[in-house]
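Remarks on the overall topology
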Amino acid sequence: MADMMNVRLSSQAAAAHWGEGALLSFNGNEAHLHLGSGQEKEALRAIQRAARRLESSGIKRIKLVGEGWNGERRYAFAQGFYAAKGVRELDFGEQSDQEAAELAALLKATRWVREVTNGCPQEIYPMSLAESALLLIRSLAGDKVTARITAGEALQEAGHIGIWSVGRGSEREPVLLELDYNPTGDANAPVLAALVGKGITFDSGGYSMKSSDNMLPMKSDMGGAAMVTGALALAISRGLNKRVKLILCCAENLVSGHAFKLGDILTYRNGISVEIQNTDAEGRLVLADGLLAASESGAAYILDAATLTGAAKTALGRDYNAVFALDEAEQAR
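Let me sum up the structure you'll find in this document. All figures in this text were calculated on a predicted structure; none of them were measured in a lab.

Each value, and the rule that gives it
Residues numbered from 1 in each chain as written. Predicted model: local features only at pLDDT ≥ 70, side-chain atom pairs only at ≥ 80, totals over all residues. Heavy atoms only, no water. Salt bridge = Lys/Arg side-chain N within 4 Å of Asp/Glu carboxyl O. Helix = DSSP H or I, 4+ residues; strand = E, 2+ residues; numbered from the N terminus. Buried < 20%, exposed > 50% of the residue type's maximum accessible area, 1.4 Å probe, protein only. Expected span 1.5 Å × (residues − 1). Contact = heavy atoms within 4.5 Å. Phe/Tyr/Trp six-rings, centres within 6.5 Å; stacked < 30°, edge-to-face > 60°. Lys NZ or Arg CZ within 6 Å of the ring centre and 35° of its normal. Pairing = 2+ DSSP bridges. Axes fitted to C-alpha atoms, helices over the stretch in contact; angles between N-to-C directions.

For the rest of this paragraph, the subject is the pattern of salt bridges. Taken as a whole, this structure holds 17 salt bridges when the rule is applied. E178 is the partner of R148 in a salt bridge, and the nearest nitrogen-oxygen pair spans 3.1 Å. Taken together, the residues span a long stretch of sequence, with R148 in strand β6 (residues 145-151) and E178 in strand β7 (residues 175-181) at a distance of 30 residues. Put simply, D180 and K245 hold a salt bridge, and the shortest N to O gap is 3.9 Å. Here D180, found in strand β7, pairs with K245, found in strand β9 (residues 243-253); they are 65 residues apart in sequence, far enough to count as distant. Given a relative accessible area of 10%, D180 falls into the buried group.

Here is the structure:
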């Protein structure tokens with residue numbers, strides 16, 4: 001279509017008049033995205049960066065044309081060609097049915113993660129986060145999914161002291177979601193992996209209160225829970241045939257007469273006690289409950305995801321995530 005901008009990949013450098021090392025050049029209604037001959041990871045970052053530049057230039061309709069586009073490259077472009085407001089149209093070009101289905105599943109999972117993470121904290125609160133995650137996975141897996149939601153005072157009674165303590169300052173009750181995806185039909189099937197997510201739907205810092213600037217983005221402090229949910233959704237869409245548990249630790253960390261305080265001592269189900277010296281270190285408190293539940297599942301692998309510390313962003317910037325592993329072989333991957 002004449003009113004769509006075509007974007008074509010090129011392994012050649014842009015002409016000199018576009019600037020030294022230019023990422024984009026233009027010819028009529030066509031943009032050339034110059035990748036050079038670097039590693040694929042660098043190419044994916046360049047594609048996302050170029051898409052972001054095109055979107056920020058006011059271009060609303062794009063078609064990917066020519067050779068060199070694969071699933072990961074199309075996805076990278078889609079990630080950059082995004083804005084929270086307005087309508088964008090992206091034609092991914094010619095794909096096989098399998099490629100199109102894979103990309104659609106990836107975009108569906110990403111869209112859910114993005115919308116929930118960016119959602120207003122009045123609408124995304126502990127119970128709504130747990131229910132939304134459960135609905136997403138059930139929409140893909142149906143009766144292969146069973147789940148248990150423990151909320152409010154029932155958390156204390158069940159010994160989930162971290163989630164209960166962090167969330168008790170809010171009028172909206174804290175929640176632990178334990179979801180079991182078991183496509184085998186065998187109740188005794190081993191659990192391949194347990195995915196644990198930090199689901200702090202808003203973090204004021206508690207009595208160790210954050211400044212306004214640091215508190216403003218804290219509606220997204222449940223990004224870890226959203227990410228592991230999206231990861232499971234994508235794996236199911238790709239045909240996951242192993243048993244996996246999803247454990248979301250959801251709470252609001254607020255101040256009230258009921259909130260936990262500095263000097264409190266929490267004793268977990270395994271007998272380990274924690275003295276609260278900073279109520280803004282709440283992520284590890286809720287994750288401890290999730291990790292205990294994951295350990296009890298007998299999972300061969302346990303993965304947790306969290307927006308746990310700003311020091312990771314200070315060390316690595318915004319283009320990389322911090323990953324830690326106790327298994328050296330897994331860490332080297």
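The end-to-end C-alpha distance of helix α3 (residues 97-117) is 30 Å, a good match for the 30 Å that 21 residues give at a rise of 1.5 Å each. Those residues of α3 not exposed but buried are L103, A105, L106, L107, A109, T110, W112, V113, V116 and T117. Among the structural elements, α2 (71-80), α4 (126-141) and α8 (223-237) are those in contact with the buried residues of α3.

Think of an α-helix as turning once every 3.6 residues; residues three or four places apart then point the same way. With 16 residues, α4 ought to run about 22 Å at 1.5 Å a step, and its terminal C-alpha atoms sit 23 Å apart, in line with that. Every buried residue belonging to α4 is among P126, M127, S128, L129, A130, A133, L134, L136, I137 and A141, and all of these are buried. Of the surrounding elements, those touching the buried residues of α4 are α3, β6, β7, β8 (191-203), α8 and β9. Of the residues trailing α4, G142 is marked for its positive phi of about 55°.

Turning our eyes to something else, we now look at the packing of aromatic side chains. Taken as a whole, this structure holds three aromatic pairs when the rule is applied. Residues F77 and F81 carry aromatic rings whose centres are separated by 6.0 Å and whose planes lie at 35° to one another, so their mutual orientation is tilted. Each member of the pair, F77 as well as F81, is classed as buried. By way of ring pairs, the aromatic residues W69, F77 and F81 are connected into one cluster. Taking the ring centre of Y82 as reference, the NZ or CZ of R114 above it sits at 3.7 Å.

Here we take up the environment of L266. Relative to the assigned elements, L266 resides in strand β10 (residues 265-267). On the accessibility criterion, L266 (4% relative accessible area) is buried. The spacing of L266 and I276 is 10 residues in sequence and 7.8 Å in space, taken between C-alpha atoms. The residues touching L266, leaving out its near neighbours within four places in the chain, are I161, G162, S165, I272, S273, V274, I276 and L285.

Strand order in the open sheet formed by five strands is β2-β3-β1-β4-β5, and the pairing between neighbours is mixed. Since the sheet does not close on itself, it has two edges, and those belong to β2 (24-27) and β5 (89-91), each with one partner. Each strand of the sheet is rotated relative to its neighbour by a mean of 25°, with strand direction disregarded. Bridge count between strand β1 (residues 5-10) and strand β4 (residues 61-65): four bridges; the pairing is parallel. Note on β4: the bridge partner recorded for N6 is K63. Along the sheet, helix α1 (residues 40-56) contacts β1, β2, β3 (30-34) and β4; its crossing angle with β2, the most-contacted strand, is approximately 55°. The strands touched by α2 are β1, β3, β4 and β5; relative to β4, the strand with the most contacts, the crossing angle is about 165°.

Taken by themselves, the reported measurements are silent on function.
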